[in-house]
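# Observations on chain architecture
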Amino acid sequence: AKGALLLWETARDRGVDIDNLAVMNGKTIGIPKPVFRRALQWQVIPSEQGAAFAAVEAPAPAAGDTEEDGDAGQKTGRVLFSVIDTDGNAKPPVVVNAEPSAFADVELAEVGKHYVLAWTDRNKARGLDSQVMLSALSKQGDIVVPAHGASSPLGDQALVALIAPQYAPKGE
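Conventions adopted
- Residues numbered from 1 in each chain as written.
- Predicted model: local features only at pLDDT ≥ 70, side-chain atom pairs only at ≥ 80, totals over all residues.
- Heavy atoms only, no water.
- Helix = DSSP H or I, 4+ residues; strand = E, 2+ residues; numbered from the N terminus.
- Buried < 20%, exposed > 50% of the residue type's maximum accessible area, 1.4 Å probe, protein only.
- Contact = heavy atoms within 4.5 Å.
- Areas by Shrake-Rupley, 256 points an atom, 1.4 Å probe, with all protein chains shown as cover.
- Salt bridge = Lys/Arg side-chain N within 4 Å of Asp/Glu carboxyl O.
- Core = buried A, V, L, I, M, F, W, Y, C linked by side-chain atoms within 4.5 Å.
- Lys, Arg positive; Asp, Glu negative; His and termini not counted.
- Polar contact = N/O pair within 3.5 Å; in protein donor to acceptor, adjacent residues only side chain to side chain.
- pLDDT = per-residue confidence, 0-100.
- Phe/Tyr/Trp six-rings, centres within 6.5 Å; stacked < 30°, edge-to-face > 60°.

## Thoughts on the overall build of the chain
A count of helices and strands for the chain gives zero helices and 10 strands. Seen in sequence order, the chain has helices and strands lined up from the N terminus as β-β-β-β-β-β-β-β-β-β. Among the 172 residues that make up the chain, the fraction classed as buried is 39%. Here the analysis covers contacts within the chain between residues at least 6 apart in sequence; of these, 46% occur between residues at least 24 apart. Here the chain has roughly 9,300 Å² of accessible surface; of this, 56% comes from carbon and sulfur atoms.

## Some points on the pattern of salt bridges
Note that side chains of opposite charge can pair when their charged atoms are close. Throughout the structure, instances matching the rule amount to seven salt bridges. Between arginine 37 and aspartate 19 there is a salt bridge whose closest N-O contact spans 2.9 Å. Here aspartate 19 lies in strand S2 (residues 15-24) and arginine 37 lies in strand S3 (residues 27-47), a separation of 18 residues in the sequence. Each of Arg12, Asp17, Asp19 and Arg37 takes part in salt bridges that share partners, so that together they form one network.

## Some thoughts on the nonpolar core
Of all hydrophobic cores here, the largest spans 16 residues; its most connected members are Val79, Phe81, Val96, Val106, Leu108, Leu117 and Trp119. Of all the elements in the fold, those that place two or more residues in this core are strand S4 (50-57), strand S5 (76-85), strand S6 (94-103), strand S8 (114-121) and strand S9 (131-138). By size, the runner-up hydrophobic cluster in this structure holds 11 residues, among which are Val16, Phe53, Ala55 and Leu80.

## A word on the environment of asparagine 123
Among the secondary structure elements, asparagine 123 is positioned in the loop between S8 and S9. Given a relative accessible area of 16%, asparagine 123 falls into the buried group. Sequence spacing of asparagine 123 and serine 101 is 22 residues, and the spatial spacing of their C-alpha atoms is 5.5 Å.

## A look at the side chain of aspartate 105
Mapped onto the elements, aspartate 105 comes out in the loop between S6 and strand S7 (107-111). Despite being buried, aspartate 105 has no salt bridge partner; arginine 122 is the closest side chain of opposite charge, sitting 11 Å away. Within the structure, aspartate 105 has its side chain in polar contact with the side chain of threonine 120 (distance 2.5 Å). Apart from residues no more than four positions distant in its own chain, aspartate 105 is found in contact with Gln41, Val56, Ala118, Trp119, Thr120 and Leu159.

## A few points about the confidence of the model for the chain
Summary statistics for the chain give a mean pLDDT of 88 and a share of 87% for residues scoring 70 or more. Low pLDDT, under 50, characterises residues 67-73; the stretch is placed with nine contacts to residues that sit more than four places away or in other chains.

## What about the side chain of serine 47?
Of note, serine 47 is situated in strand S3. Residue classification places serine 47 among the buried residues on the basis of a relative accessible area of 15%. In terms of polar contacts, serine 47 uses its side chain to reach the side chain of glutamine 49, at 3.2 Å. Setting aside residues up to four positions removed in sequence, serine 47 forms contacts with Ala52, Glu110 and Tyr115.

## Digging into the packing of aromatic side chains
One pass over the full model with this rule turns up three aromatic pairs. Look at phenylalanine 36 and phenylalanine 53: their rings are 5.8 Å apart centre to centre, the planes differ by 40°, and that puts the pair in the tilted class. With phenylalanine 36 in strand S3 and phenylalanine 53 in strand S4, the pair connects residues that are 17 residues apart, well separated along the chain. The same class applies to phenylalanine 36 as to phenylalanine 53, namely buried. Ring centres 5.4 Å apart and planes at 40° place the aromatic pair phenylalanine 81 and tyrosine 115 in the tilted group. Here phenylalanine 81, found in strand S5, pairs with tyrosine 115, found in strand S8; they are 34 residues apart in sequence, far enough to count as distant.

Structure, rendered in structure tokens:
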């Protein structure tokens, strides 16, 4: 299909579940397809292939946790990325930041031949201060620049925005 993608979230105890449907001429096609589960926060942008999707994943419940206890209030998680084709099929997510230390503020932009992700991270191994992190992925979803600090940590940082030109030259 070469129509639109309709995405929605359904609230769960540990974040939200994201599903989608392809849309053609104002009508949905097929059945809802899962994109992501347990997202604390997510962002999607259109792409030539369909869409690119980034999310901060809520931690999985610990063994024996009930819906009333556990880490449901925790607001950090892992950063994941996926590509959704024009029919609404999402590739398995790529883990961009494996530590469950990312705040729920991931941003996503298409810059030339890559997708760039940014988020605020508090990795205790690096110290107590939060740091803005960056990573870049290919259009196929392969990591080309691993997660790293955007700058030297000089106090508590917090991501404000990741802004890219809407019509960047294709060769850059």
